[in-house]
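The residues making up each chain are set out below.
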Amino acid sequence: MSYSQETVDFLHQGDFIRMQESLKNALKFDSEELLVDLAEYLQMMGFDGESRQVYEQILAKNPESTAILINLAEIAEDDGDRKSPRLPLPDPH
């Protein structure tokens, strides 16, 4: 079982302390594909902070991922922050 799946299982059990511990392990050991699925699920379940944490780690390794940027923008908008994340503007020269 992946740490991402374990994180979801603890969430469903209401064991949020173990969920956080498992999330830390998922961020260290799980593949990007598993982390994307985890982040989307956490976002859907209303765990925006945890979802943002996962997305930001993915983005650090894959800064060109527009899908991740869009998901982070959705979280920011849900939180009432319409200014971040900011997309870099292209250099006009």
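Before going into details, it helps to say that this report is about the structure given with it.

Quick notes on the rules
Residues numbered from 1 in each chain as written. Predicted model: local features only at pLDDT ≥ 70, side-chain atom pairs only at ≥ 80, totals over all residues. Heavy atoms only, no water. Helix = DSSP H or I, 4+ residues; strand = E, 2+ residues; numbered from the N terminus. Buried < 20%, exposed > 50% of the residue type's maximum accessible area, 1.4 Å probe, protein only. Contact = heavy atoms within 4.5 Å. Areas by Shrake-Rupley, 256 points an atom, 1.4 Å probe, with all protein chains shown as cover. Core = buried A, V, L, I, M, F, W, Y, C linked by side-chain atoms within 4.5 Å. Axes fitted to C-alpha atoms, helices over the stretch in contact; angles between N-to-C directions. Salt bridge = Lys/Arg side-chain N within 4 Å of Asp/Glu carboxyl O. Phe/Tyr/Trp six-rings, centres within 6.5 Å; stacked < 30°, edge-to-face > 60°. Expected span 1.5 Å × (residues − 1). Arc of directions from axis to C-beta.

Here we come to the overall build of the protein. Scanning the protein for helices and strands turns up five helices and zero strands. Scored against the burial criterion, the 93 residues of the protein give a buried share of 34%. Looking at the protein alone, contacts between residues at least 24 apart form 42% of all its contacts between residues at least 6 apart. Accessible surface computed for the protein: about 6200 Å², of which carbon and sulfur atoms make up 52%.

A word on the nonpolar core. L35, L38, L42, V54 and I68 are the most contacted members of the largest nonpolar core, which has 21 residues in total. For this core, the elements supplying multiple residues, two or more each, are α1 (3-13), α2 (16-29), α3 (32-44), α4 (48-61) and α5 (66-78). For this core, the leading source of residues is α3, giving five residues. In contact with L42, other than residues within four places in its own chain, are L11, L23, F47, E50, S51 and V54.

This part covers the packing of α2 against α3. At a minimum axis separation of 10 Å, α2 and α3 run at an interaxial angle of 145°. Of the residues in α3, those touching α2 at L23, A26 and L27 are L35, L38 and L42.

Here the structure, examined in full by the defined rule, presents one salt bridge. The salt bridge involving D15 is made with R18; its shortest N-O contact spans 3.7 Å.

Applying the stated criterion across every chain, the model contains two aromatic pairs. Ring centres of Y3 and F29 lie 5.8 Å apart, and the angle between their planes is 35°; on these two criteria the pair is classed as tilted. With Y3 in helix α1 and F29 in helix α2, the pair connects residues that are 26 residues apart, well separated along the chain. The exposure class of Y3 is partly exposed, given its relative accessible area of 31%. A relative accessible area of 56% places F29 in the exposed class. Aromatic side chains F16 and F47 sit 5.9 Å apart centroid to centroid with 35° between the ring planes, which places their arrangement in the tilted category. Of this pair, F16 sits in helix α2 while F47 is found in the loop between α3 and α4, placing the two residues 31 residues apart along the sequence.

Turning next to α5. Its 13 residues place the ends of α5 18 Å apart at the C-alpha level, agreeing with the 18 Å of an ideal helix rising 1.5 Å per residue. All of the buried residues in α5 are I68, L69, N71, L72, I75 and A76. The arc enclosing the buried residues of α5, seen along the axis, measures out at 160°, which places them on a common side. Along α5, exposed side chains directed more than 90 degrees from the buried face belong to T66 and D78. Where the residues of α5 are buried, they touch α3 and α4.

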